[in-house]
Structures are given as C-alpha cells and as structure tokens.
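# Structural overview
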Amino acid sequence: MKNLIITLISSIVLSAAGPALAGPDWQIIEKARKDKQAAALAAPRASSPGAQGECRVDPLMLHLDHGPRADTSPYINKLRKERHEAQLKACAAKAT
C-alpha cells in the first residue's frame, strides 16, 4: 500500500512538473521577433519627421544631483532643464 501511494504521488508530481520542464515555443518567439522587425521598419516610413513637419525632442533626463554619489550638480541639471524647455518652445514655434 505504501509503495502504491508513493508511486501515485510521484506520478502526479512529475505530470505537474512536465510543462515547467518543457522548452520555449520557438515558433511563437520567431514570429514575434519578425513582426517586431517589420513594425520597426515600417514605422520610420510612416512617420518621418521631415515629411510631416514634426520635430523630435528627447525626454528630459536629470541625473542625481545630491548625496555622496551625485552624478552631476544642481547647476548642470538647471541648464539641462532650460535647454529642454528651449527645445520644446522651438518645436512648438516650428509647428505653428
């Protein structure tokens, strides 16, 4: 009786662990990769900045300016913020 219970429990555990031991579905992964590449190639053609008059402004990135491991100073962050605002104003002026 003891061997039967151990056999049943081990078979249940192995059947539950089977999908976890299976490898990735490479067909789905490759299809997603190809779709992503196709979308990346089609996106610049559809929305090129020169064709539609759009201007591209990178997002504002401010580095850590305080503490013992500061990457920059508050003055440099202030300059970056002013430069970003100037780019946004220039882009808005160019659009109108």
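Note that the structure is a prediction, hence the values are computed from the model and not measured.

## Structural notes on the overall build of the protein chain
From N to C terminus, the protein chain includes four helices and zero strands. Each helix and strand of the protein chain, placed in order from N terminus to C terminus, yields the pattern α-α-α-α. Out of the 96 residues belonging to the protein chain, those deemed buried represent 4%. In the structure as shown, the protein chain presents an accessible area of about 8,500 Å², 64% of it carried by carbon and sulfur atoms.

## Let's talk about helix α4 (residues 74-95)
For α4, which comprises 22 residues, the first-to-last C-alpha distance of 32 Å matches the rise-based estimate of 32 Å (1.5 Å per residue) to within 8%. Those residues of α4 that fall on the buried side of the exposure criterion are Asn77, His84 and Cys91. Taken end-on, α4 shows its buried residues confined to a sector of 50 degrees, consistent with a single buried face. Exposed residues lying more than 90 degrees from the buried face of α4 are Tyr75, Arg83, Lys89, Ala93 and Lys94.

The rules behind each value
Residues numbered from 1 in each chain as written. Predicted model: local features only at pLDDT ≥ 70, side-chain atom pairs only at ≥ 80, totals over all residues. Heavy atoms only, no water. Helix = DSSP H or I, 4+ residues; strand = E, 2+ residues; numbered from the N terminus. Buried < 20%, exposed > 50% of the residue type's maximum accessible area, 1.4 Å probe, protein only. Areas by Shrake-Rupley, 256 points an atom, 1.4 Å probe, with all protein chains shown as cover. Expected span 1.5 Å × (residues − 1). Arc of directions from axis to C-beta.

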